[in-house]
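Report on the structure
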Amino acid sequence: MANNENSAKGTASERRYWLDDSRNVDRIVWGVYGICAFLFLIDILVPKHGPFSVEHVFAFYGVFGFVACVGLVLAAKALRVILMRPEDYYDR
Amino acid sequence: MTGELSPGQILIVGALLVPLLRGRLRAAYMLALPIIALWSLVSLPYGSFGELQLLDMSLVTLRVDKLSFVFGVIFLIAAFLGIIYALHVDDTVQHVAGLIYAGSAVGAVFAGDLVTLFVYWEGTAIASVFLIWARRNERSFHAGLRYLVVQVGSGVLLLAGIILHYRQTGSITFEHMGTDSLAGVLIFLAFGIKCAFPLLHNWLQDSYPEATITGTVMLSVFTTKLAVYALARGYAGTELLVPIGAAMAAFPIFYAVIENDLRRVLSYSLNNQLGFMVVGIGIGTEMAVNGTVAHAFCHILYKALLFMSMGAVLYRTGTIKGSELGGLYKSMPWTAGFCIVGAASISGFPLFSGFISKALIITAAMDQGYFWTWLVLLFASAGVFHHSGIKIPYFAFFAHDSGKRCSEAPANMLTAMAITAVLCVVIGVYPQPLYDLLPYQVDFRPYTTEHVVTQLQLLMFSALAFTLLMRTGIYPPELRSTNLDFDWFYRRLGRGLALAAGHLAERAWQFVTTGASRGAREAVNAIERHHGPHGVFARTWPTGTMAFWMTIMLAAYLILSYL
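None of the values given here were measured: they were computed from a predicted structure.

**Side note on the overall build of chain B**
Looking only at helices and strands, chain B features 20 helices and three strands. Here chain B has a C-alpha radius of gyration of 32 Å; the compact-globule value for 563 residues is 24 Å, and the former is much larger. Referenced to the eigenvectors of the C-alpha coordinate spread, the extents of chain B come out at roughly 125 × 65 × 55 Å. Out of the 563 residues belonging to chain B, those deemed buried represent 54%. Nonlocal contacts in chain B, meaning residues at least 24 apart in sequence, comprise 81% of its contacts between residues at least 6 apart.

Structure, rendered in structure tokens:
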């Protein structure tokens with residue numbers, strides 16, 4: 001833990017953390033890809049019991065999660081055009 | 001004695017002594033209050049107590065049954081955790097307000113009749129606003145005023161509904177109401193305001209982020225979950241609640257993605273989680289209502305945990321804006337860890353509390369054939385992971401290093417977060433004790449291969465989406481901004497209309513007053529003209545003039561008499 005309390009900037013001599021190395025960040029990202037690939041592939045082994053047919057489509061949950069989140073972010077980004085105002089908008 | 005004292009009253013009456021105490025004694029006393037209240041609650045059998053006669057109405061100030069019991073338990077646990085989290089604060093107003101607020105919420109949950117409910121309902125509104133005002137700046141003052149107007153408005157609707165209901169049925173018992181009568185609709189709206197229904201929601205995102213660090217934790221627990229309880233009691237199975245809940249679950253997440261104030265992001269996700277609960281109430285089956293209650297229980301803990309972690313960040317760094325934070329895991333590793341536990345719980349990761357409660361609601365929606373609702377809830381589940389599960393910890397503790405270096409959160413904050421985090425995990429790993437508390441018998445196994453795998457797929461592919469959008473730079477950056485929401489209608493449009501109306505009234509008044517004063521001035525001038533020193537009536541008239549006018553008049557008379 002850093003011990004120079006409340007100072008504005010970390011110093012050069014500060015301890016380097018595992019995540020400071022961008023290769024480790026890459027490893028995490030590859031980990032996410034790997035887990036997703038694994039979950040995608042084992043879908044075929046998991047029987048579904050839900051009443052809706054769409055749920056039985058191969059890898060429905062994964063694809064839905066991905067599409068939903070990309071759609072969410074793109075829509076929210078577009079909403080900024082309409083909704084975003086300066087920070088002090090209501091104070092003026 | 002305590003047998004007839006509502007656990008809520010123990011907190012409220014107990015709060016009155018807090019100003020007299022200081023230091024460790026005060027801390028011990030405040031911590032003892034929810035423990036005593038919980039003990040008194042656990043020692044009560046199910047039934048009605050504390051009956052009072054008011055005019056010709058009989059009030060039941062304490063009704064303990066399965067539904068009120070579970071809400072009472074979680075409210076008291078949350079009050080205890082909230083008090084630990086606030087122990088470092090030396091502001092008597094906040095401590096007293098927090099205790100009265102918690103006590104009112106607990107009292108409302110155990111209210112057996114609508115009048116008692118109303119009294120406590122208003123108690124929560126009035127006590128809680130002091131947690132906002134205690135921030136003691138102009139923004140919080142105005143936000144608190146807006147909050148109070150909305151909350152009291154909810155109380156007024158409730159009161160109107162109660163009066164109508166009493167006139168129609170002669171009863172004030174708080175039981176299932178339904179929306180068939182006007183009274184039922186008014187009470188439904190009163191609950192809906194406190195539950196932050198779509199378009200009635202904005203008081204929440206407006207006020208919670210403006211409250212004090214410790215106040216927001218308390219606020220996040222009580223008001224909205226009291227409304228969930230009230231809806232579950234009065235409106236279970238009201239079909240209208242299904243689309244309302246689905247809308248609530250979906251639309252706030254768009255705002256959460258672009259919001260910069262991380263406590264406001266949490267307020268939006270709070271709204272989204274309420275959506276799940278409202279859907280459960282609307283479906284109304286035993287499993288759905290169980291799901292709502294279980295989800296409220298888990299949600300209170302993980303949402304408080306998330307607000308605690310963001311409060312600790314605000315306390316140590318002085319800011320909670322995503323655009324100014326990042327890299328704090330180096331300075332606040334414990335807080336970061338607890339935040340991640342809260343994030344995993346709200347996202348519904350297996351082994352965390354959200355997983356075992358949200359599943360009940362979603363399964364109930366599937367069982368009843370609510371296809372679109374189910375799809376919306378899946379979307380909301382993916383979305384909540386995206387904005388609360390990833391965004392909150394990522395922008396506060398990781399992302400780019402903001403260079404901020406501070407100490408870890410104070411010991412009492414860490415203790416509160418640690419206990420809450422442990423509860424989130426314990427409930428997630430071993431849900432049976434919670435299931436046993438629910439209003440109906442539970443026949444549900446959350447840990448099936450199918451459920452675990454499909455939930456992990458949903459979540460990990462959401463994480464994949466976040467990762468790819470981040471790496472490609474498509475993800476919208478955190479920007480210092482205000483996002484327009486429904487409050488624009490009263491903060492901007494309404495204010496503009498009010499100002500314009502005021503201006504118009506001022507102009508009209510000006511017109512009237514200037515017109516009147518001009519008229520008066522002209523009248524005075526006219527009088528002066530005729531009666532003043534040089535006026536015609538002030539002249540001294542010679543006798544000749546009179547004789548001349550007499551002649552004229554006589555001539556006129558002569559002519560007229562000949563005509």
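**What about the packing of helix α11 (residues 262-283) of chain B against helix α15 (residues 371-397) of chain B?**
Residues and elements named next belong to chain B. Orientation of α11 relative to α15, taken along the N-to-C sense of each, is 155°, at an axis distance of 10 Å. Between α11 and α15, the crossing angle belongs to the class labelled roughly antiparallel. The two elements α11 and α15 cross, and the hand of that crossing is left-handed. Counting all contacts with α11, which are made through Leu-262, Val-265, Leu-266, Ser-269, Asn-272, Gly-275, Phe-276 and Val-279, the residues of α15 involved are Thr-373, Leu-377, Ala-380, Val-384, His-387, Ser-388, Lys-391, Ile-392, Phe-395 and Ala-396. Taken together, the residues that form the contact of α11 with α15 break down as 11 nonpolar, six polar and one charged.

**Notes on the interface of chain A and chain B**
Across the contact, 48 residues belong to chain A and 47 residues belong to chain B. Among the residues making up the side of chain A that touches chain B, the classes are represented as 32 nonpolar, eight polar and eight charged.

**Observations concerning the packing of helix α10 (residues 241-258) of chain B against α11 of chain B**
Residues and elements named next belong to chain B. Look at α10 against α11: their axes get within 7 Å of each other, and the N-to-C directions meet at 165°. On the basis of their axis angle, the class for α10 and α11 is roughly antiparallel. Of the two possible hands of crossing, α10 and α11 adopt the one that is left-handed. Taken together, the residues of the contact of α10 with α11 sort by class into 18 nonpolar, six polar and no charged.

**Some words on the domain arrangement of chain B**
Under the domain assignment, chain B is made up of domain 1 (1-235), domain 2 (236-481) and domain 3 (491-562). Placing a centre on the C-alpha atoms of domain 1 of chain B and another on those of domain 3 of chain B gives a separation of 66 Å.

**What to know about the confidence of the model for chain B**
On average, residues of chain B score 93 in pLDDT, and 99% of them are at 70 or above. Both scores are given for the predicted complex: the pTM is 0.89, the ipTM 0.86.

**Some details on helix α12 (residues 286-317) of chain B**
Residues spaced three or four apart along an α-helix face the same direction, because each turn holds 3.6 residues. Residues and elements named next belong to chain B. A rise of 1.5 Å per residue sets the reference length of α12, with its 32 residues, at 46 Å; its end C-alpha atoms lie 46 Å apart and thus fit the reference within 8%. Burial within α12 is extensive, with 30 of its 32 residues counted as buried. Gly-318 occupies a position one or two residues after α12 and carries a positive phi of about 80°.

**Concerning the pairing of strand β2 (residues 57-64) of chain B**
Strand residues, when the strand is regular, have side chains that alternate between the two faces of the sheet. All names here are of chain B. Burial analysis of β2 places six of its eight residues in the buried class, the great majority of the element. Note: strand β1 (residues 47-54) against β2, seven bridges, orientation antiparallel. By the bridge assignment, Gly-47 is partnered in β2 with Val-64. Linking β1 to β2, which pair antiparallel, is a turn of two residues; within it Leu-55 sits at a positive phi near 50°.

**Observations concerning unusual backbone geometry**
Even without being a glycine, Ala-196 of chain B presents a positive backbone phi close to 60°. Summarising the element assignment, Ala-196 of chain B is placed in the loop between α7 (182-194) and α8 (202-207).

**What about the nonpolar core?**
Residue and element names in this part refer to chain B. Phe-75 and Leu-305 are the most contacted members of the largest nonpolar core, which totals 203 residues. No other element matches the 20 residues that α12 contributes to this core. Structurally, this core is a two-domain feature, drawing no fewer than three residues from each of domain 1 (1-235) and domain 2 (236-481). Setting aside its immediate chain neighbours within four residues, Phe-75 contacts Ala-102, Ala-105, Val-106, Val-109, Val-221 and Phe-222.

**Describing the environment of Leu-305 of chain B**
As for its placement among the helices and strands, Leu-305 of chain B is situated in helix α12. Given 30 C-beta atoms within a 10 Å radius, Leu-305 of chain B is considered buried.

**So, helix α6 (residues 138-169) of chain B**
Residues and elements named next belong to chain B. The end-to-end C-alpha distance of α6 is 46 Å, a good match for the 46 Å that 32 residues give at a rise of 1.5 Å each. Among all positions in α6, only Ser-140, Ala-143, Gly-144, Tyr-147, Val-150, Gln-151, Ser-154, Gly-155, Leu-158, Gly-161, Ile-162 and His-165 are buried. Contacts made by the buried residues of α6 are with α5 (114-133), α7 and α8. Positive phi shows up at Gly-170, right after α6, with a value of about 75°.

What counts and how
Residues numbered from 1 in each chain as written. Chains lettered and ligands numbered in written order. Predicted model: local features only at pLDDT ≥ 70, side-chain atom pairs only at ≥ 80, totals over all residues. Helix = DSSP H or I, 4+ residues; strand = E, 2+ residues; numbered from the N terminus. Rg over C-alpha atoms; globule rule 2.2 N^0.38 Å. Buried ≥ 20, exposed ≤ 12 C-beta atoms within 10 Å, placed from the backbone. Contact = placed C-beta atoms within 7 Å. Axes fitted to C-alpha atoms, helices over the stretch in contact; angles between N-to-C directions. Parallel < 35°, antiparallel > 145°, perpendicular 65-115°, else oblique. Left-handed = near helix turned anticlockwise from the far one by under 90°. Nonpolar A, V, L, I, M, F, W, Y, C, P; charged D, E, K, R; others polar. Domains from an automatic or database assignment. pLDDT = per-residue confidence, 0-100. Expected span 1.5 Å × (residues − 1). Pairing = 2+ DSSP bridges. Core = buried A, V, L, I, M, F, W, Y, C linked by C-beta atoms within 7 Å.

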